[in-house]
Structures are given as structure tokens and as C-alpha cells.
Amino acid sequence: MISPDAAASITVRLNGEERRCPAGLNLQELLEHVGYRPQLVVVEFNGEILPRSRWLAQPVREADSLEVVTIVGGGS
């Protein structure tokens, strides 16, 4: 029998590490859930750089793989 918690969560690979997160999130919601500021990151989703314009429509599912790179400002 599956516990209610297990049914309500999924496992994704985030920057090489497995992470549990709530089921039913889109990509932007997942980023916010794990503590990223979406406006400051670039995301490779299942091997593809995903344009920010698609994040709200992109569901995150069991076993999806994300590489998240934080944009750092600065210069000399």
C-alpha cells in the first residue's frame, strides 16, 4: 500500500542529487519550492535549455532531471 505522503510527492534529480518534492508542480513552482529565485537562474531540463517562457507550462514529473545554474552579477 502506498502512503499518502508518497503519492503526493515525486523524486527528481536536481544538480546531480535526488530530491523529493510535491507532485503536480510546474518548473517555476519547483524552483521556488527548493529555494531558487527563478529570475536569477538558467535551467537545463531533461538535457534541454528551457526558455523561461515555457516554465509555467512545463510540468515536473517523476525522474525528471534538472541542472540549475545561478546567474551571478558583477564585473571589474
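Peer 1: Provide a residue-level description of the sheet that holds strand S1 (residues 9-14), including the pertinent values.
Peer 2: Strands belonging to one sheet form pairs held by backbone hydrogen bonds; the direction of such a pair is parallel or antiparallel. Strand order in the open sheet formed by five strands is S2-S1-S5-S3-S4, with mixed pairing between adjacent strands. Strands with a single pairing partner mark the edges of an open sheet, and in this sheet they are strand S2 (17-22) and strand S4 (48-49). One ladder, built from two bridges, connects strand S3 (residues 41-45) with S4; its direction is antiparallel. Bridge pairing in S4 places Phe45 opposite Glu48.

Peer 1: Just give me the short version of the pattern of salt bridges, but keep the residues and values in it.
Peer 2: Tallying each qualifying case throughout the model produces two salt bridges. A salt bridge links Glu18 to Arg13, with the shortest nitrogen-to-oxygen separation between them at 3.6 Å. When its relative accessible area of 58% is taken as the criterion, Glu18 is described as exposed. Given a relative accessible area of 35%, Arg13 falls into the partly exposed group. Among the salt bridges present, the one from Arg54 reaches Glu48, with a minimum N-O distance of 3.2 Å.

Conventions we followed
Residues numbered from 1 in each chain as written. Predicted model: local features only at pLDDT ≥ 70, side-chain atom pairs only at ≥ 80, totals over all residues. Heavy atoms only, no water. Pairing = 2+ DSSP bridges. Helix = DSSP H or I, 4+ residues; strand = E, 2+ residues; numbered from the N terminus. Salt bridge = Lys/Arg side-chain N within 4 Å of Asp/Glu carboxyl O. Buried < 20%, exposed > 50% of the residue type's maximum accessible area, 1.4 Å probe, protein only.

Any functional reading would require information beyond the geometric quantities listed.
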